[in-house]
Amino acid sequence: METNKADVLLGLQWGDEGKGKIVDVLTPHYKMVARFQGGPNAGHTLVFEGKKYILHTIPSGIFHQGCLNVVGNGVVLDPFIINRELDQLDMPVEVLQESLFICGKAHLILPSHRLLDAAFENKKGNLRIGSTLKGIGPAYTDKVARTGLRLIDTASDRFMEKYNALKTEHFRLAESLAFDHKSLQLDGLPFDDYEEAWFRGLERLKALPRVQSEVFVNETLDKGARVLAEGAQGTLLDIDFGSYPYVTSSNTITAGACVGLGLAPTRIGEVFGVFKAYCTRVGSGPFPTELHGKEAERLRDLGNEFGSTTGRPRRCGWLDLPALKYAVMVNGVSRLIMTKADVLNELESIKVCVAYDIRGQQQSLLPLTTESEELKPLYKELPGWQTDLEDVKSFEQLPPQLLAYVSMIEDFVQVPVDIISTGADRKQILTRKGAGILQRLAAI
Ligand code: IMP
């Protein structure tokens, strides 16, 4: 018997590829959207009807009536931030009760995890990762060390005892790192005020429908309904396959959807890989095609490249095809989705990295460590399209220079580009005629 499979959508670069918008666009074709890793370090931006929403933990299917949104076991939860997200959504409780489901196995980010994140980054000095300081690393550390607290643990009579013991341990550790925690502000609040608000958020979180994501997701598939697993961050920030140690603390790749939701590998269907028409990175770490000075500033301004979670200016550079090909490989990407093509509209010419030169040797595979100053990207230069894409109504009507850019990418990575996003709004999207993605989704 043919098994119904879940599709996965994830980022192929360093995050901020525009995944939230694409999930929002695809959601009408799905019954369930499920987040499988990461936490409030993510910032998925959705724009429709003139309004902008930034989701950090809540899946991007939340604005579609009837869609079941699941926060899986692999996600780390900060009740303070979820509470703020729920305020922003401003949805009646009855609607939330039918549309947002949290896995009891998901681990909690304690206020003292955020304190530790700041302490560790402070200690690293020049070697700091550039973490979003949302407590992600320390929360996953406690999970793996088997000292963490999960949402289901809040039901235990001993919860407060365990919470206080863990908090004391975190403070002891922060003090051992000579971290001055007294002046620390978390989201603009002193620690004690933040903690109080955190507990208020926890009450709200506890009132949301609780599920076991592995059971809920598999049963939904068994009923023949369609499920989309939504990734956060990007492949090059994966704890195993990213530019370690400048990575996040979870598996952002397709395999992460298996462990972060309880899905068997045989239940993965289509893998949608989302990439930007150029590259950006927030925080530290190698970035082979990074631009500097005026060129970088121009791209940053055109693309409004400022972090949606931290507001930090993003580092900008050209598209890196060997890195994209690597990401396609580790994820088993079957369909590509290119975003922010419009950002390049006015450029006279566009560079694309097609290989690296390492000490005189040409290499077309992303090296294990790209920190070496001896690594130089080798570029191919293509003419820009210098056309406003606003009026283009179909994929096939895109300017020939942009179509040539797409063909070059497809030839290099050997996967078709099925969708191009040409702006932040839900409506600014072009799907290729006869694309596999359409046939699959139309068969629902
Ligand atoms: P952390 O996951 O907050 O500890 O951050 C680790 C690294 O991943 C830092 O360089 C962050 O800037 C980066 N990062 C984490 N989450 C995101 C994201 O959602 N988009 C882009 N970069 C991210």
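Here, the structure is the one placed above.
Most of strand β1 (residues 6-11) sits out of view: six of its six residues are buried. Alternating residues of β1 divide into A6, V8 and L10 and D7, L9 and G11, and every residue in both groups is buried. As paired elements, β1 and strand β13 (residues 268-276) share five bridges and run parallel to each other. Each residue of the ladder has a partner; that of G11, found in β13, is V274. Sheet topology note: the β1/strand β12 (residues 227-230) ladder contains three bridges and is parallel. Each bridged residue has a counterpart across the sheet, and for V8 the counterpart in β12 is A229.

Strand pairs in the sheet, formed through backbone hydrogen bonds, run parallel or antiparallel to each other. The ten strands are arranged β11-β7-β5-β2-β12-β1-β13-β17-β21-β22 in an open sheet whose pairing can be described as mixed. Of all the strands in the sheet, the pair left with one neighbour each is β11 (210-211) and β22 (429-431). As paired strands, strand β5 (residues 68-71) and strand β7 (residues 100-103) are joined by three bridges and run parallel to one another. The partner of V71 across the bridge, within β7, is I102.

Helix α5 (residues 136-144) packs onto helix α4 (residues 111-124) with a crossing angle of 115° between their chain directions and a minimal axis gap of 7 Å. Relative to α5, the element α4 is oriented roughly perpendicular. Crossing of α4 against α5: the hand is right-handed. Contact residues: α4 offers H113, L116, D117 and F120, while α5 offers I136, P138, A139 and D142. For the contact of α4 with α5, the class distribution of residues is five nonpolar, one polar and two charged.

Procedures and definitions
- Residues numbered from 1 in each chain as written.
- Predicted model: local features only at pLDDT ≥ 70, side-chain atom pairs only at ≥ 80, totals over all residues.
- Heavy atoms only, no water.
- Buried < 20%, exposed > 50% of the residue type's maximum accessible area, 1.4 Å probe, protein only.
- Helix = DSSP H or I, 4+ residues; strand = E, 2+ residues; numbered from the N terminus.
- Pairing = 2+ DSSP bridges.
- Axes fitted to C-alpha atoms, helices over the stretch in contact; angles between N-to-C directions.
- Parallel < 35°, antiparallel > 145°, perpendicular 65-115°, else oblique.
- Left-handed = near helix turned anticlockwise from the far one by under 90°.
- Contact = heavy atoms within 4.5 Å.
- Nonpolar A, V, L, I, M, F, W, Y, C, P; charged D, E, K, R; others polar.

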